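Structural overview for review
In case you want the letters, here they are:
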Amino acid sequence: MPARPAPPRADRPHAAPPLEGRVALVTGGARGLGAAYVRALHGAGAAVVVADVLDDEGAALAAALGDRALPVRLDVTDEAGWGDAVDAAVDAFGGVDVLVNNAGIANSAPIEHYSTAKWDAVIAVNLTGTFLGCRTVVPVMKAAGGGSIVNVSSVEGLRGGERLHGYVASKFGVRGLTKSLAVELGRDGIRVNSVHPGLVRTAMTTRIDPDVVPIPIGRAAVPDDVTGAVVFLASDASAYLTGAELVVDGGLTAGV
């Protein structure tokens, strides 16, 4: 039998956290999935900008994390606001190495009652907000020699969803935007990938009964089930991944 590896010695240096020295900006970062991403990225060594319209919750999360966390007010539909948020990250931490476009809303109605206002609202946040974030951060990443953009789509960016017309369209749009940016920005050292969560227990999904959703793993996700994918895409462990889709859905979209 081959010799077993020696146990770790106390005097051996530990590996550096995978995101040590990096700066991440997370939209919708004050609660739910966004807050889970913030905690995970911070725990992996990154300085994190908590960007949200929820001022009190964002400030509380940043205060709880302590060092390397900055709350910034950001409405992702506001072009000027994006410039201010990125400037705040540069001023506080020196740049933006990772952008997680997580902010999103959902609404629903049968198509004959799905108003233009509903459509415009969800497209503005989920798709235009993602576009504005990418456009704003790319010059900073180019100047630094590269970076990682993680766009949070959904399983509804892979399939249809009854009554969720704007949400589905926006999440398919995020998926497509991810691929066009990956093709364009690869030569600049900027990787762009998408994450597609399934049913995750957050404030947005409280009305959905997970027992009626055919999830092979047998349960809905909790936010921490999805964070590993985001940390992976933010880190050098995924250095050769761009334009990829990571589906984190417990197998929901694997079957018919």
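1. Here's the deal with the pairing of strand S6 (residues 190-197)
Along S6, eight of the eight residues are buried, which leaves the element largely enclosed by surrounding structure. Neither face of S6 is exposed, since Ile190, Val192, Ser194 and His196 on one face and Arg191, Asn193, Val195 and Pro197 on the opposite face are all buried. Looking at chain direction, strand S5 (residues 147-152) and S6 are connected through six bridges and run parallel. Residue pairing in the sheet places Gly147 in a bridge with Ile190 of S6. A crossover connection joins S5 to the parallel S6 through helix H5 (residues 165-185); in handedness this β-α-β unit is right-handed.

2. Side note on empty space enclosed by the protein
Using the criterion set out here, one finds one cavity of 30 Å³ or more in the structure. Taken as a whole, the largest cavity holds about 30 Å³ of empty space. Lining the largest cavity, in full, are Thr27, Val76, Trp82, Asn101, Asn102, Ala103, Val125, Gly129 and Thr130. When residues in the lining of the largest cavity are grouped by element, the largest group, three residues, is from helix H4 (residues 116-144).

3. Some remarks on the nonpolar core
Membership of the largest hydrophobic core comes to 28 residues, with the highest contact counts inside it found for Tyr37, Leu41, Val100 and Val195. Mapped onto this core, the elements with two or more residues apiece are strand S1 (23-27), helix H1 (32-43), strand S2 (47-52), strand S4 (98-101), S5 and helix H6 (224-234). For Leu41, the contacting residues outside a window of four places in its chain are Leu19, Ala24, Val26, Ala46, Val48, Val100, Val230, Val231 and Ala234. If you look at the next biggest cluster of nonpolar residues, it comprises 26 residues, including Val76, Ala89, Ala103 and Leu185.

4. Topic: helix H3 (residues 79-93)
Compared with the 21 Å implied by 1.5 Å per residue over 15 residues, the 21 Å span of H3 between its first and last C-alpha is a close match. Buried within H3 we find Gly81, Trp82, Ala85, Val86 and Ala89. End-on view of H3: buried residues confined to an arc of 135 degrees, all on one side of the axis. Residues of H3 that are exposed and point over 90 degrees away from its buried face: Ala80, Asp84 and Asp91. Elements that come into contact with the buried residues of H3 comprise S1, S2, strand S3 (69-73), S4 and H4.

5. Section: the packing of H1 against H6
Axis separation between H1 and H6 bottoms out at 9 Å; the angle between their running directions is 50 degrees. As judged from the angle between their axes, H1 and H6 are oblique. Read as a crossing pair, H1 and H6 show a hand that is right-handed. Contacts from Leu33, Ala36, Tyr37, Ala40 and Leu41 of H1 reach H6 at Asp224, Val226, Thr227, Val230, Val231 and Ala234.

What counts, and where the lines are drawn
- Residues numbered from 1 in each chain as written.
- Predicted model: local features only at pLDDT ≥ 70, side-chain atom pairs only at ≥ 80, totals over all residues.
- Heavy atoms only, no water.
- Buried < 20%, exposed > 50% of the residue type's maximum accessible area, 1.4 Å probe, protein only.
- Helix = DSSP H or I, 4+ residues; strand = E, 2+ residues; numbered from the N terminus.
- Pairing = 2+ DSSP bridges.
- Right-handed = clockwise from strand over helix to strand, strands pointing away.
- 1 Å grid on protein atoms, 1.4 Å probe; cavity = no way out; pocket = protein on both sides within 12 Å on 5 of 7 lines; lining within 4 Å.
- Points joined across faces, edges and corners; volume = space filled by probe spheres on them.
- Core = buried A, V, L, I, M, F, W, Y, C linked by side-chain atoms within 4.5 Å.
- Contact = heavy atoms within 4.5 Å.
- Expected span 1.5 Å × (residues − 1).
- Arc of directions from axis to C-beta.
- Axes fitted to C-alpha atoms, helices over the stretch in contact; angles between N-to-C directions.
- Parallel < 35°, antiparallel > 145°, perpendicular 65-115°, else oblique.
- Left-handed = near helix turned anticlockwise from the far one by under 90°.

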